[in-house]
Amino acid sequence: MSYLVFLGFFLLASITTLSGQRCIARNIIFPATARVRNVGRVKFYLDPTGTTIPFYIRKRIFTKAFDTWERATCINFAITSVKRGADIVLQFSRVARNIPVATATAPPTQVTLTFDSGEIWSTTPNNPPQNSLDLESVALHLIGHAIGLPHISNTLNVMNRNLVKRNTQGNPITKTSLRTADTNPAVTKYGGPC
Ligand SMILES: [Zn+2]
């Protein structure tokens, strides 16, 4: 499996390691300035199609990921039922073989986070399917990119390139909590919790 991030004009290759997915987005693509236009209300839209994962489960998981970032910064995220005008669109789509399990396209207008519908996504930390990727963990990472955050070096961090490491049973280890090193760049850009 591979992982790829497409941001603006940057198409980035991907690699797979024995430990799992490795995001190869280059930090140079993330500007120092804020990407979010209105931190008081960042609207996200969930495409209702493209996957067999029930909508209410996706809504719960993605909302939880947005809430995690919201608790760490002054950004307020709100779900919208109108795709047009949404700041961030999350969708499932079948992508070509050997290319991405998840992608992101960047602002200035609308960020689209695409999750490969052909991937095995884990929607629960309890007893996840073999060789699955934890949906909340990947969503948390991609939302970080969507608000303009780069990678950091500590593998324990959500914003580390290693998205999901597998344990000896082949199951994913989730990364669903932000650490100070994850949140510091966001706080610098947008301010702390408010
Ligand atoms: Zn990344």
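Residues numbered from 1 in each chain as written. Predicted model: local features only at pLDDT ≥ 70, side-chain atom pairs only at ≥ 80, totals over all residues.

As recorded in an unreviewed UniProt entry, the chain goes by the name Peptidase metallopeptidase domain-containing protein, listed as coming from Zostera marina.

Visitor: A description of the overall build of the chain should follow, citing residues and the corresponding values.
Guide: Scanning the chain from N- to C-terminus turns up three helices and 13 strands. A burial count over the chain gives 37% of its 194 residues as buried. Considering only intrachain contacts with a sequence separation of at least 6, the fraction spanning at least 24 residues in the chain is 64%. (Helix = DSSP H or I, 4+ residues; strand = E, 2+ residues; numbered from the N terminus. Buried ≥ 20, exposed ≤ 12 C-beta atoms within 10 Å, placed from the backbone. Contact = placed C-beta atoms within 7 Å.)

Visitor: Could you give an account of the environment of Asn 184, naming the residues involved and the relevant values?
Guide: Its location among the elements puts Asn 184 in helix H3 (residues 180–190). Put simply, Asn 184 and Leu 149 are 35 residues apart on the chain and 9.8 Å apart in space, counted from C-alpha to C-alpha.

Visitor: Quick one: what's the story with the pairing of strand S7 (residues 88–93), residue by residue and with numbers?
Guide: Summarising the sheet, strand S5 (residues 42–46) and S7 pair through three bridges and their orientation is parallel. Bridging across to S7, Tyr 45 finds its partner in Val 89. In this sheet, strand S9 (residues 111–116) lies alongside S7 in parallel orientation, the contact comprising six bridges. Bridging from a neighbouring strand, Ser 93 pairs with Asp 116 of S9. (Pairing = 2+ DSSP bridges.)

Visitor: Could you give an account of helix H2 (residues 135–146), naming the residues involved and the relevant values?
Guide: Here H2 spans 16 Å end to end across twelve residues, near enough to the 16 Å set by a 1.5 Å rise per residue. The element H2 is largely enclosed, with a buried count of twelve among its twelve residues. Following H2 by one or two positions, Gly 148 has its phi on the positive side, about 90 degrees. (Expected span 1.5 Å × (residues − 1).)

Visitor: Mind laying out the environment of His 145, listing which residues take part and the relevant values?
Guide: Turning to its location among the elements, His 145 is positioned in helix H2. The sequence separation of His 145 and Leu 113 amounts to 32 residues, and the corresponding C-alpha distance is 9.7 Å.

Visitor: Mind laying out helix H1 (residues 55–72), listing which residues take part and the relevant values?
Guide: Here H1 contains 18 residues, and its C-alpha end-to-end distance of 26 Å stays within 8% of the 26 Å for a straight helix at 1.5 Å per residue. Of all the residues in H1, the buried ones are Arg 58, Ile 61, Phe 62, Ala 65, Phe 66 and Trp 69. All buried residues of H1 project into a common sector of 130 degrees when viewed along the axis, lining one side. Opposite the packed face of H1, turned more than 90 degrees from it, sit the exposed residues Tyr 56, Asp 67 and Arg 71. Residues of H1 that are buried sit in contact with S5, strand S6 (77–79), S7 and H2. (Arc of directions from axis to C-beta.)

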